[in-house]
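Here is what each chain is made of, one letter per residue.
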Amino acid sequence: MQFLYSGITSGSIYALVAIGFNIIYNTTGLINFAQGEFVVLGGMLMYTTLTMFGLNIFSAFLITFILMFLVGILFERVFLRYVRLKTEINLITVTIALAIILRGIAMMIWGRDSLAVPSYVEEKTVLLVGGSITSQSLVVIVVCFFTAIVLSTFFKYTKYGKAFRACHDDQVASTICGIDVNLIRMLSFAIASFLGALAGAIVAPITFVTYTDGVMSGLKGFSAAILGGLGSFWGGLFGGFLLGVIEGFFAFILPSGFKDAFAFIILLLILFVKPSGLFGKKKAVRV
Amino acid sequence: MVLVFTTVALADIKLGAIFSITGPASYLGLPEKQTLEMLVEELNKKNGINGEKIDLIIYDDKGEDAEARKKFLRLVQNDKVIAVIGPSRTGTSLAIKELAQEMGIPLISVAASKTIVYPVQKYIFKTPQSDEQAVEKIYDYLKKNGKKKIAIITSQDGFGDTGRNALIAEAKNYELEVVADERFKDTDKDMTSQLSKIAAKKPDAVICWGVGPAPAVIAKNYKQLNMNIPLFMSHGVASKKFIELAGAAADGIYLPAGRLVVVDKLPDSDKYKPILMAYKKSFEAKFNSHVSPFGGYAYDAFHLFKMAVEKAGKDKAKIADALQNVKGFVGVTGVFNMSKDDHNGLGKESFMMIRIKNGEWEIAE
């Protein structure tokens, strides 16, 4: 049973990253490959505010979130907005470039060593049937569900949420209806960056934070988003947990060296059978 | 390009060095460079070797193979050095060892891998211990404590692979049975799957081989699963950083490490203590930072060079012969007994078994 709890722990991290991917996809149709770097920056800022400046947890979170919200705004305002030819492939390439730049900056500021962020809750082991999970992992899981609920409600039922989705469907039509597309695009990056910071901040006590972490968490989070179906928050959540549990399961029954390979084989198989992902909707395109 | 000259007017003995002073392995190269500069300065104040002063030329290879090759050629062709100390990494050392052998330049590497000095070549030497010696040290300890079944969990990278091969190969010689052989990636966030699999096999000891944050995650997961089996780690985690990351979960972990980390706790009768304390004191007074085992490798390399030149003069082939005949030299890393079959010369006693207790290193033997 332990593989299940292990999978849920790593899965909740993938899920949070996947949700970040979905926010930007839902409004701009872009894949933001710097999402993993947002997570790293979140963790690093928590380290800076908590450990280096000795602030209390509340102000540390607040400062981290505000800074990362601003990073998201700058990211879109400065870099994406000034790309001359705004095709999807160009903009996605820009996010890859920015991911590399952010990684370099993180290395210069915080160095190459892994940083340890102190735990926010008392470190306890919760015994469950056939295994155990830590109190920190439970926090991550709860935050994960909470975010999915808040975001899917926001996007489905509120006026602003609908505006975000309208931008994804048709930017010209949205503009005609009076939606400020530029503002919405900017906000979607800001929210994604904020969410990345949230993910980074709450997982840092479990996994530590190293400047290269963004590569792998970005990749796994992206896979989770694809697995669940791009654009669906519940899909991202479920995709993350599924990917984590599959990894844990294969690490348990097979030589653990193959676990990543098998997790990705399962991912491929699902995509062969259902290319839009488990929860993805087929999009009808009128010609 | 970083170019560092220790200026000594009209010097006679030209010694070259290549370290990874910048780049990803700067944590190796920097203390090595500092140590070497300090030693040369001290020796030149005391009239050098046989009355001749040493002209030290250090280049930075940034941890890159091509750069190391370029710098090596420059040292030999332009600077006309008679021997080279370094490089800092296994990869860069392997990249220049054939050159050194062909050109007949004595090379004393400060990188760890056994492949640098095996098979033995006339001009190639190294000062750090090999992974095999760390494995032997752990197995010795396990055997002494009557352990029979072991589980290993190793990282999927160069360090983990070498460790895993050595762990599996040596197990037979120590009558140990490897009941579980698990792997992990440096980026893995949760290792409880692998660990619970290990726990089910009921080994007498678990050995983890890796560097970076992953071993700290394993230490935490180990506590989470409440595994009461002794946990051993490699010399790769013998740094304060590991204790900082793993926190309370580091307590009780055993690992082999050089004596330098526990020098304060060594008994006064220990034959290494005087040389270790002398090195530690002069390094820490001069650079105001903690002494590291890596600087120690350069310390030993320089003393080997000095002994060889004192005996053989400035002829390169004779220096190599003199290096091969070094016996019983007590260095910072251990006792060097070179021979025609062993151009490292260290034994497993160059490691000590250490145990982590309340965030501090303790001698475990």
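Residues numbered from 1 in each chain as written. Chains lettered and ligands numbered in written order. Predicted model: local features only at pLDDT ≥ 70, side-chain atom pairs only at ≥ 80, totals over all residues.

## Here's the deal with the overall build of chain A
- Helix and strand content of chain A: 11 helices and 2 strands.
- For chain A, the α and β elements follow one another from N to C terminus as α-α-α-α-β-β-α-α-α-α-α-α-α.
- A compact globule built from 287 residues would reach a C-alpha radius of gyration of about 19 Å, and chain A, at 19 Å, matches this within 12%.
- Dimensions of chain A, computed from C-alpha atoms along their principal axes, come out at roughly 55 × 50 × 35 Å. (Helix = DSSP H or I, 4+ residues; strand = E, 2+ residues; numbered from the N terminus. Rg over C-alpha atoms; globule rule 2.2 N^0.38 Å.)

## Side note on the environment of B:Lys148
Residues and elements named next belong to chain B.
- Tracing the backbone shows Lys-148 in the loop between helix H4 (131–144) and strand S7 (149–155).
- Measuring from C-alpha to C-alpha, the distance between Lys-148 and Ser-93 comes to 37 Å, with 55 residues separating the pair along the chain.
- Those residues within four positions of Lys-148 in sequence are excluded, and the remaining contacts are Leu-176, Glu-177 and Asp-204. (Contact = placed C-beta atoms within 7 Å.)

## Things to note about the UniProt feature "transmembrane region" (unreviewed entry) in chain A
Residues and elements named next belong to chain A.
- Look at the UniProt record and you will see "transmembrane region" (unreviewed entry) annotated at residues 12–33, 53–75, 87–110, 130–155, 189–211, 231–254 and 261–280.
- For the annotated span residues 53–75, helix accounts for 83% and strand for 0% of the residues, and the straight-line distance between the end C-alpha atoms is 26 Å.
- Secondary structure across residues 189–211 comprises 83% helix and 0% strand; the distance between its end C-alpha atoms is 21 Å. (UniProt positions renumbered as here; feature names shortened; annotations may be inferred.)

## Re helix H5 (residues 135–157) of chain A
All names here are of chain A.
- Helix length check: H5 (23 residues) gives 33 Å between terminal C-alpha atoms against 33 Å at 1.5 Å per residue, within 8%.
- For H5, the set of buried residues is Gln-136, Ser-137, Val-140, Cys-144, Thr-147, Ala-148, Leu-151 and Phe-155.
- Buried residues along H5 sit against helix H1 (2–28), strand S2 (131–134), helix H6 (159–169), helix H8 (181–207) and helix H10 (233–253). (Expected span 1.5 Å × (residues − 1). Buried ≥ 20, exposed ≤ 12 C-beta atoms within 10 Å, placed from the backbone.)

## Comments concerning the interface of chain A and chain B
- Listed as interface residues are 26 residues of chain A and, on the opposing side, 24 residues of chain B.
- Breaking the side of chain A that touches chain B down by element, the ones donating at least two residues are H1, S2, H8 and H10 of chain A.
- In the side of chain A that touches chain B, the residues fall into 9 nonpolar, 14 polar and 3 charged. (Nonpolar A, V, L, I, M, F, W, Y, C, P; charged D, E, K, R; others polar.)

## A look at the nonpolar core
- Counting residues in each nonpolar core, the largest one holds 198 residues, and the members touching the most others are A:Ile19, A:Leu41, B:Val84, B:Ile85, B:Ile207 and B:Phe305.
- It is H8(A) that provides the largest number of residues to this core, a total of 16 residues.
- Of the domains in this structure, domain 1 (3–129 + 275–350) and domain 2 (135–257) of chain B are the two that each give at least three residues to this core.
- Discounting chain neighbours no more than four positions away, the residues touching B:Phe305 are B:Leu15, B:Ala83, B:Ile85 and B:Ile108. (Core = buried A, V, L, I, M, F, W, Y, C linked by C-beta atoms within 7 Å. Domains from an automatic or database assignment.)

## Some points on the domain arrangement of chain B
- Considered domain by domain, chain B is made up of domain 1 (3–129 + 275–350) and domain 2 (135–257).
- Computed from C-alpha coordinates alone, the two centres of domain 1 of chain B and domain 2 of chain B are separated by 32 Å.

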